[in-house]
Amino acid sequence: MAQDRDTEEMLAHLKITSVNELFEDIPDTARSELIGLNNGMTEQDVRKNLENILDKNISLKEMPSFLGGGAYDYYVPAAVNNIVGRSEFITSYTPYQPEISQGLLQALFEYQSMMSELTGMEVVNNSLYDYTTGLGEAVLMAARLQRKARIFLIPDNLPVSRISVLENYCNGPGIKFQKYAIDKSTGMTNLEDLKSKIDDNTIGVLVETPNYYGVLENQVDNIRQILHGKILVVGADAVSLGIVRPPGDYGADIVISEGQVFGNAVNFGGPMLGIMACRKKHIRKMPGRVIGLTSDTEDKRAFCMTLQTREQHIRREKATSNICSNEALTTVATATYMAYMGGSGLRELAIKVMQTSRELANQIAQVSGCQAPKFSGHYFNEFVATFPINASKLVQKLNEKGINPGIELEMPGMENDLLIAVTDKTSPEDIQKFVQVLREVL
Amino acid sequence: MSYRQAKHDEPLIYELTCDDAKEIPIPSDLLPEGLVRKQTPNIPGLCERDLVRHFVALSQMNFGVDSGFYPLGSCTMKYNPKINEEIAALTKASTIHPGQPISQIQGTLQIMYELQEMLAIITGMGAVSLQPAAGAHGEFTGMLITRAYHEKHGQDRNQVILPDTSHGTNPASAAMVGYDILTIPSKEGKVDLDALASAVSDKTAAFMLTNPNTLGIFEPEADDIADIVHEAGGLMYYDGANMNAIMGKTSPGKLGFDIVHLNLHKTFATPHGGGGPGSGPVGVIKELENFLPAPVAAKCGDGYYLNYDIPDTIGKVHGFHGNWGVFLKAYTYILSLGADGLTQASERAVLNSNYLRALVEKFMDVPYPGLRKHEFVASGSSLENDVRTMDLAKRLIDHGYHPPTVYFPLIVDESMMIEPTETESKATLDGFARALENVVNEPAEVLHDAPRNASVRRVSEAEAAKNLILSYKDYLEFQGGSRV
Ligand SMILES: Cc1ncc(COP(=O)(O)O)c(C=O)c1O
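Residues numbered from 1 in each chain as written. Chains lettered and ligands numbered in written order. Predicted model: local features only at pLDDT ≥ 70, side-chain atom pairs only at ≥ 80, totals over all residues. Heavy atoms only, no water.

Novice: Quick question: what am I supposed to make of the overall build of chain B here?
Specialist: Broken down by element type, chain B carries 14 helices and 14 strands. Dimensions of chain B along its principal axes, counting C-alpha atoms only, are 70 × 70 × 45 Å. In chain B, which comprises 484 residues, the share counted as buried stands at 68%. A sequence separation of at least 24 residues applies to 69% of the contacts in chain B between residues at least 6 apart. Accessible surface computed for chain B: about 15600 Å², of which carbon and sulfur atoms make up 47%. Charged side chains of chain B number 39 positive and 60 negative; the gap between the two group centres comes to 4 Å. (Helix = DSSP H or I, 4+ residues; strand = E, 2+ residues; numbered from the N terminus. Buried < 20%, exposed > 50% of the residue type's maximum accessible area, 1.4 Å probe, protein only. Contact = heavy atoms within 4.5 Å. Areas by Shrake-Rupley, 256 points an atom, 1.4 Å probe, with all protein chains shown as cover. Lys, Arg positive; Asp, Glu negative; His and termini not counted. Charge placed at Lys NZ, Arg CZ, Asp CG, Glu CD.)

Okay, here's the thing in structure tokens:
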């Protein structure tokens, strides 16, 4: 805070003697103080305090971990951290004034361009909070495109937490969810079941590929076909798109993905980056910010936010969403990461990760009593494995041996199953250790 | 006028020469035909040197609080202490997974728990959830809680009332939850009690308000407002965007509010990142505690855990637990300032605002008399020769200032909303006021022509909306098509 001389001079200028006079409009009866909060500390003490508390955490670096379920610990190149560390980016607000914010606007435009290529979709917005809230926004958008219908179809393996977010987002306009079956043996969509649930009241369907079991959907063309004009929302893994067919290829209307994996630490699941892409003809129904290329009065190329008439600050209760602050800096990290990797780097990354997950599954499958993967469908960086003992007991035992083997699944009948993920950080030694301690505890 | 922003003709990433894009073959046993991506994604890969130079050039064409004064009203663009960034970047902080067992994340849970407690004290609320990822997301969560509360009491209430000074996210958030919006006009810049009294009914679910309001005026009849709404059976919702004005002086709880959201990226000095990530914790009075999103961080003996056992919980609003990276920065900030520091921050924010207002009202209209809190709204409505507030804003850029918020709130014609924050010196405020006065007196041609010293001249938003060039691909098509 600036020095006291400033305060004195400003008080004098206002012809008052104490700053309290500026609070005279708050009635005495409404006064309150910050009782229970400590007083301030020096920076050095703050650092010490925080380091002490954080020392109680065990980071993923200290323990081989195979945790995924929507947040993944990929390597973040130093250059990416360095660039998103630029305080011109960090300490700026939303670029409402384009002339003084061209740098950020261009970076965000580049993000849109690269993400459009990766997803194969025409339009990408400038971020939603995370994948899960992105799904909520996608269903709301789909409902705006199919005004008469009220049911949205979701796979029956969505975890309860994601369904809860979806319901919270979509109850307002009266959208109901109905589940279609994921096949118990392939782990992919049960087409017959899906087909039987589509009728005039269907808004659209969510297809996750890979889905929550890590299984890639191999029937996307059939699904597109049986949907006719209804809305196909695809939830895709961004890393997988280096080698897996992009949703734009098979006629997705809206694509949701998680950008955390591209250049961002796991951060206990936040900040994340909700990626949303759609067809251009639907853009006026899309939520979130969009950057457009334009020119200045001297005809020089320039960038600005566009289509703001969909947004809350103009349309208020009629806006396509309430979103205002988003995940812009995470978006910059993602753009930087993509340009650092390039298309070929992203492809190599995806190949490597897929080979690593195969290796791990193969190794686990060789341990007696273990089945990996559980489902016959193709998987990318994550798969379900079945163990001869209860999964939570197994997790506990493996934790004690110094690894985090995966995430428990809440679906009935999957008490002995774990969702196991790898990233480009997973080393052969990590895999070895997994299998070794698995043998020890079983 | 010494300011010059960098003016690079920085190419787009797609226009930079990059390493030879190789077509990478996919091992044939990896994926079946129907799943394979045939072509390598068309994404340029830059070598590290060129990548860094590209983004450094871009950053030089971007203005942040670290570049200079950023009096963007309603956004509380205070200086963000660097310690916050360093703490959040520690491996023990950043490399933590939400799927780790609680024994491995005791540090994280302790910080979340203590932050919840700190924010409860600051807002005068009974309990806090950190899950919402931004202010608007907090409003949305608050409206879900409102709905759940009324449903639990068998009440069918479908209206949310708000004043015409409210931020756009307020009506948008309430509408998302399914509420009809009833907007009431303000009287002399404040809530019109008569209008409110005649608006409330057994249909009223909540009244949303920020206090001080978006004109920077403290609502003097806060008690009566709360009484009217409560008597009608509605809840009082506090938009905490303006919390920076009242810390340690009063609190939403004391003012009769039932639900509050905060913007950690405003009041609690977490940087705004060019639009986010933010964090929008929600606080509620004791009576509403059981409706909070699950889980919340809780304490048991010396240990911490995630409490999912919240009887009437609305469930979840985020994929995980909210923006942990932002919590840490806010926690660091609150620990640094403490009760005394936060109170002084509000005092200085209000002093800076009233001082700057006194300077500005000598040459611009500042409608509505009386004290201001942390911000004030001037009006460019008496400007002549077709000069608009937007022109002043653009010209301020030439003087090295980020423009204030313009055209919000909507009830002031040609509004310019100025929020200096507590972290600026008197010298900065004096300099800004001088610059603004100069600008107001400049010829219309100069103002219409501004800015001159930014990386580009006035940007055509109309052209952007007309052409809709939203990717490099669009750009190539556009150039091949309608533009020669
Ligand atoms: C008064 C007010 N309310 C709500 C918001 C929304 O907050 P956020 O941008 O974090 O969603 C803002 C910020 O833009 C604001 O100024």
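Novice: Would you mind showing me how to read the site of the ligand here?
Specialist: In the vicinity of the ligand lie 15 residues, with S325 of chain A together with S74, D239, H265 and K266 of chain B positioned nearest. Nearby residues around the ligand are contributed by chains A and B. A distance of 2.6 Å separates an oxygen atom of the ligand from a polar atom in the side chain of S325 of chain A. Between the ligand and A136 of chain B there is a distance of 2.7 Å, counted from an oxygen atom to a backbone nitrogen or oxygen. Contact with the protein chains removes 99% of the 390 Å² of surface that the ligand exposes when unbound. Looking at the shell around the ligand, the element that brings in the most residues is helix α5 (residues 135-152) of chain B, giving three residues. Here the shell around the ligand is composed, by residue class, of five nonpolar, seven polar and three charged. (Near = heavy atom within 4 Å. Polar contact = N/O pair within 3.5 Å; in protein donor to acceptor, adjacent residues only side chain to side chain. Nonpolar A, V, L, I, M, F, W, Y, C, P; charged D, E, K, R; others polar.)

Novice: What's the story with the domain arrangement of chain A in this structure? I'm lost.
Specialist: Interface size, as often reported, equals the accessible area lost upon joining of the parts. Residues and elements named next belong to chain A. As far as domains go, chain A holds domain 1 (78-338) and domain 2 (346-441). Taken together, the contacts link 22 residues of domain 1 with 22 residues of domain 2. Here domain 1 meets domain 2 over a buried area of about 1800 Å², counting both sides, of which 69% is carbon and sulfur. Among the residues domain 1 hides against domain 2, the three largest losses belong to Y212, Y213 and I243. Together they make up 33% of the total. There are zero salt bridges connecting domain 1 and domain 2. Classifying every residue of the side of domain 1 that touches domain 2 gives twelve nonpolar, seven polar and three charged. (Domains from an automatic or database assignment. Buried area = accessible area lost by both parts, 1.4 Å probe. Salt bridge = Lys/Arg side-chain N within 4 Å of Asp/Glu carboxyl O.)

Novice: Would you explain helix α7 (residues 160-170) of chain A in this entry?
Specialist: Since there are 3.6 residues in each turn of an α-helix, residues three or four apart along the chain are aligned in direction. Counting buried positions along α7 of chain A yields eight of eleven residues, so the element is predominantly enclosed. Buried residues of α7 of chain A: R162, I163, S164, V165, L166, N168, Y169 and C170 of chain A, and no others. Looking at the buried residues of α7 of chain A, the elements they touch are α6 (131-145), β2 (151-155), β3 (176-180) and β4 (202-209) of chain A together with α5 and α6 (169-176) of chain B.

Novice: Would you take a moment to explain unusual backbone geometry for this structure?
Specialist: The bulk of non-glycine residues show a negative phi, and the bulk of peptide bonds are trans. Geometrically, the link from T209 of chain A to P210 of chain A is a cis peptide bond, its omega value of 0° lying close to zero. Residue position: P210 of chain A is located in the loop between β4 and α9 (220-227). For the bond from F408 of chain B to P409 of chain B, the omega torsion is 0°, close enough to zero to count as cis. By the element assignment, P409 of chain B lies in the loop between β13 (405-406) and β14 (415-418). Of note in this structure, D299 of chain A is not a glycine but carries a positive phi near 65°. Tracing the backbone through its elements, the reader meets D299 of chain A in the loop between β8 (290-295) and β9 (301-306). Classification of D299 of chain A as exposed rests on a relative accessible area of 58%.

Novice: Looking at this model, I keep getting lost on the interface of chain A and chain B. Mind explaining?
Specialist: Listed per partner, the contact involves 173 residues of chain A and 204 residues of chain B. Both sides together, the interface formed by chain A and chain B hides about 15700 Å², and carbon and sulfur atoms give 62% of it. Looking at the side of chain A facing chain B, the largest losses of area belong to E99, I100 and F268 of chain A, adding up to 6% of the total buried there. The interface formed by chain A and chain B holds eleven salt bridges in total. Linking chain A to chain B there are 100 residue pairs in polar contact (both at pLDDT 80 or more). Among the elements that make up the side of chain A that touches chain B, the one with the highest residue count is helix α11 (residues 328-365) of chain A (18 residues). Partitioning the side of chain A that touches chain B into residue classes produces 73 nonpolar, 60 polar and 40 charged.

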